[in-house]
Structure formats: C-alpha cells, structure tokens
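Examining the three-dimensional arrangement
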Amino acid sequence: MVSRLFEPIQIGKLHLDNRIAIAPMCQYSAEGGLPNDWHLIHLGQLALSGAGLLILEATAVSPQGRISPYDLGLYSDETEEAFARLLKGVRLHSTIPLTLQLAHAGRKASSRAPWEGGAQIHPDEPLGWETEAPSAIPHAEGESVPAALDRDGLKRVRDDFVNAARRAARLGFDAIEIHAAHGYLLHQFLSPIANNREDEYGGSLENRMRFPLEVFDAVRDAFPADRPVWVRVSATDWVPKGWDIEGTIAFAKALESRGCAAIHISTGGVSPAQAITLGPGYQVPYAKRVKAEVGLPTIAVGLITEPEQAEGIIGDEEADMVSLGRAMLYNPRWPWHAAAKLGAQVNAPKQYWRSQPREQKDLFKNTQYGQR
C-alpha cells in the first residue's frame, strides 16, 4: 500500500510533497531580532530533511513582541536584510516550502531564555521591557502587570503584523502562519483567563475573537493572494472556564470564511495553572474534531514521534498533516527514516545520495550516481 503520510497535499495554492511539517521551534539565539549563523546551520539541516514543509520559529512583529531578547523579529530594514541572507543560504540547496510564523508574545514577552530559567525579565532589569496585553493581568503571580492595549495600541499591533507580512512577501516566503496559540498575545485575546475587557474586544466569544480575526484579515490582505495564510491555535487552555475546543471550532469556522488556508492545532500556554495530560499524540483528538467539524486542512502536533503513529493519524483521517518539533531536533532526518519504514520515497540532496541504504535503492527520489 502507498503511504498516506507521503502523499502530496495542497494548502491553498501551495503544493507540498508530503504530509510532514517541521513545527516552529524557538532557538533564543537571535541578536537584536536578527538571524545569524546559528539559524543558517539550524534551518539548513532541517531544510534537507525531506519534510514537506518547514515553518520558521515565532518571529516577532515588533521589538516588544519578542518572547525574549534573543527572539527573531521582522520589523525593520535591518532584520529584513538579515532574513534575506538567511533565506539565500537555505534556498541555495533546498526547495522545501518555507513558512514564516508571525507572532507577538503579549504579556509573556520580556522573558529569559529557557536555559536561563525562562522567568520574566522585569522592565527595570537589563534587557527587560514593559509588556502589553488585552488586559492588565500578569501571566503569573509576582510578575509585572502588562499595559492594557488601548485603541491606538491595537491599531499599532495590527499595523505591525501587516508590515511584517509585507516584508515576508518581499523575502519570498511561501506562506504565513499567524501565532494565536501558546498563551501569546492573540491567544490572550481569545482566552477569558487573560481577557477581561469590557469593550467590543472582551466578554463574549464573538468579542474575544474580534481582534485575532482583525489581525488575520489585515495579514491576509497584505500578503499575496496566491500564497496561503493560516493560523496556529491552542484548542484548550487545560484550565476550567478557559479557552476550549468549542471556542476553537467557532474560531476556525470564522477563519475559514475569511480565506484561512489551514489550521495548526496545539494546546495550552496561557496559564501556569494548566493541567495537561501528556501521552503520545495527546493533542491529536483536538485536531480530529476541528477537521471533522470545520473541514479546513488540519495540522496535528504533540508527541508524534514514530512513523507508524504519524501514518495512522493521516490514514485514519484524524488530521491532514502532522507537525514535528522536538522529534526533528533529535533526528533531523526523521522523514528519511519514516519513508524507509513505510516504503515511500523522499527528496534528499544530491550530495547525500550515496548514503541511501543498499536494501532501499528507491528511497531517494530521482537519484543517479556514478564514480570512477
């Protein structure tokens, strides 16, 4: 039987060779928002992996929207020029479609890198800044209170997303993913845990969805119509009376009506009180419900580590694609090994063709090799 995982798929007008996406994974290694040699090494190896899609890490639309002082940003000519150098290096040796994840961290900004403990950097500390959010509610007890965004602030943030989308278009990114998950700004608007506004952007589900939908509409209008835009969302806060799957389905339906090309389903991140039940594929049931009830191309993520597991998710129509993060960091050739196990073929760089195992002569596509 032909592997379902390695069947091609169309996201909008973007053709993907298979159903494997590389999830965005923050590296906390940028300098002033600028990508550097680490990002070229990191993304270069992932671009040679044979996956169908590579989504770059959360890229802030403004300096204050960075999770940490070491996050990528796309908000100035200098950052755009650095991205151009990065993409030139990656594109030289790989044709993998590249997606940029645009993000604003909201009240979870101004944080230390994970290997430094990940705690908030207070505004009066070196490298810290005042954060902003839907409401003046800190992420955790003892943290600095964020500034609640007023109307001018909302317009500024929306314009920041638009300007970043235009820069992404000039850079030649194949798609944009808007980050509305993991407790960052757009998720904060969605969740009643972080949003207690009393204007048209808070209260009811319709109101809490309003600003994220405005951001989507603005980005969709700013990015070329023939290139897809989609959204990553947390399907549940894992906290009672927080954001939930019913809200996610309503949000996904609203996005679909606005031309959203896909939905990338994750969970959690908005509250330290979250109680997550971990296990293989623990977030896949949420993707399955969204796929069944909305119909958008759906990307599943969450402890998907084995080829047979990924094949089952696609074969059982629980999702249209699988997204791998930590598994790809641990094994950047995961798609090669999955193709070998599942009897499929995968793209590999010509410099590595001779690594094809003797017992799998058809593993790499379009190979030819001779040597005297």
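Residues numbered from 1 in each chain as written. Predicted model: local features only at pLDDT ≥ 70, side-chain atom pairs only at ≥ 80, totals over all residues. Heavy atoms only, no water.

Let's shift gears to the overall build of the protein chain. Broken down by element type, the protein chain carries 10 helices and 14 strands. For the protein chain, the C-alpha radius of gyration of 20 Å lies close to 21 Å, the compact-globule estimate for 372 residues. Expressed along its principal axes, the backbone C-alpha trace of the protein chain runs to roughly 70 × 45 × 40 Å. Intrachain contacts of the protein chain at a sequence separation of at least 6 include 68% that bridge at least 24 residues. Surface summary for the protein chain: the accessible area is close to 16000 Å², and the carbon and sulfur share equals 50%. (Helix = DSSP H or I, 4+ residues; strand = E, 2+ residues; numbered from the N terminus. Rg over C-alpha atoms; globule rule 2.2 N^0.38 Å. Contact = heavy atoms within 4.5 Å. Areas by Shrake-Rupley, 256 points an atom, 1.4 Å probe, with all protein chains shown as cover.)

One pass over the structure, following the stated rule, counts 17 salt bridges. Between Arg-167 and Glu-80 there is a salt bridge, with the nearest N and O atoms lying 2.6 Å from each other. With Arg-167 in helix H3 (residues 151–171) and Glu-80 in helix H2 (residues 77–93), this pair connects stretches of sequence that are 87 residues apart. For Arg-167, a relative accessible area of 13% translates into the label buried. For Glu-80, a relative accessible area of 14% gives the class buried. We note a salt bridge from Glu-132 to Arg-156, for which the minimum N-O separation is 2.8 Å. Highlighted residues: Glu-132 in strand E8 (residues 132–133) and Arg-156 in helix H3, separated in sequence by 24 residues. For Arg-156, a relative accessible area of 32% gives the class partly exposed. (Salt bridge = Lys/Arg side-chain N within 4 Å of Asp/Glu carboxyl O. Buried < 20%, exposed > 50% of the residue type's maximum accessible area, 1.4 Å probe, protein only.)

We now examine unusual backbone geometry. One non-glycine residue, Trp-238, lies in positive phi territory at about 60 degrees. One can find Trp-238 in the loop between strand E11 (229–234) and helix H6 (245–257). Among the residues examined, Trp-238 registers a relative accessible area of 16% and is labelled buried. One non-glycine residue with positive phi stands out, namely Leu-303, at about 50 degrees. Turning to its location among the elements, Leu-303 is positioned in the loop between strand E13 (298–301) and helix H8 (307–315). Judged by relative accessible area, which is 44%, Leu-303 ranks as partly exposed.

Considering all chains together, one arrives at 8 aromatic pairs under this definition. Their ring planes at 40 degrees and their centres at 4.8 Å tell us that Phe-189 and Phe-211 sit as a pair that is tilted. Of this pair, Phe-189 sits in helix H4 (residues 185–190) while Phe-211 sits in helix H5 (residues 205–222), placing them 22 residues apart in sequence. Classification of Phe-211 by relative accessible area gives buried; the value is 0%. With 6.2 Å between their ring centres and 75 degrees between their planes, Trp-336 and Tyr-352 make a pair best called edge-to-face. (Phe/Tyr/Trp six-rings, centres within 6.5 Å; stacked < 30°, edge-to-face > 60°.)

Across the interface, H3 lies against H5 with an axial gap of 9 Å and an inter-helix angle of 30 degrees. Looking at the two axes, H3 sits roughly parallel to H5. Two packed elements cross with a definite hand, and for H3 against H5 that hand is right-handed. Counting all contacts with H3, which are made through Leu-154, Val-157, Arg-158, Phe-161, Val-162, Ala-165 and Arg-166, the residues of H5 involved are Phe-211, Glu-214, Val-215, Ala-218, Val-219 and Ala-222. Tallied by class, the residues present in the contact of H3 with H5 amount to 10 nonpolar, no polar and 3 charged. (Axes fitted to C-alpha atoms, helices over the stretch in contact; angles between N-to-C directions. Parallel < 35°, antiparallel > 145°, perpendicular 65-115°, else oblique. Left-handed = near helix turned anticlockwise from the far one by under 90°. Nonpolar A, V, L, I, M, F, W, Y, C, P; charged D, E, K, R; others polar.)

What follows covers the environment of Thr-99. Its place among the elements puts Thr-99 in strand E7 (residues 98–103). Along the sequence, Thr-99 and Ala-310 sit 211 residues apart, while their C-alpha atoms lie 21 Å from each other. Once residues within four sequence positions are removed from consideration, Thr-99 is found in contact with Leu-53, Leu-54, Ile-55, Leu-56, Phe-173, Ala-175, Ile-176, Glu-177 and Trp-230.

Among the polar contacts listed, one links the side chain of Glu-80 to the side chain of Arg-170, at a separation of 2.9 Å. The contacts of Glu-80, once residues within four sequence positions are left out, are Leu-74, Arg-167, Arg-170 and Leu-171. (Polar contact = N/O pair within 3.5 Å; in protein donor to acceptor, adjacent residues only side chain to side chain.)

Further remarks concern the pairing of strand E14 (residues 321–324). Neither face of E14 is exposed, since Met-321 and Ser-323 on one face and Val-322 and Leu-324 on the opposite face are all buried. Bridge analysis of E13 against E14 gives 3 bridges, and the strand direction is parallel. The residue of E14 that forms the bridge with Val-301 is Ser-323. (Pairing = 2+ DSSP bridges.)

When you line up the elements, Ile-265 lands in strand E12 (residues 263–266). We classify Ile-265 as buried; its relative accessible area is 0%. The sequence separation of Ile-265 and Gln-283 amounts to 18 residues, and the corresponding C-alpha distance is 7.6 Å. Contacts of Ile-265, omitting those with residues within four sequence positions, involve Val-233, Ala-235, Thr-248, Tyr-286, Ala-287, Val-290, Thr-298, Ile-299 and Val-301.

No statement about biological role is implied by the geometric values presented.
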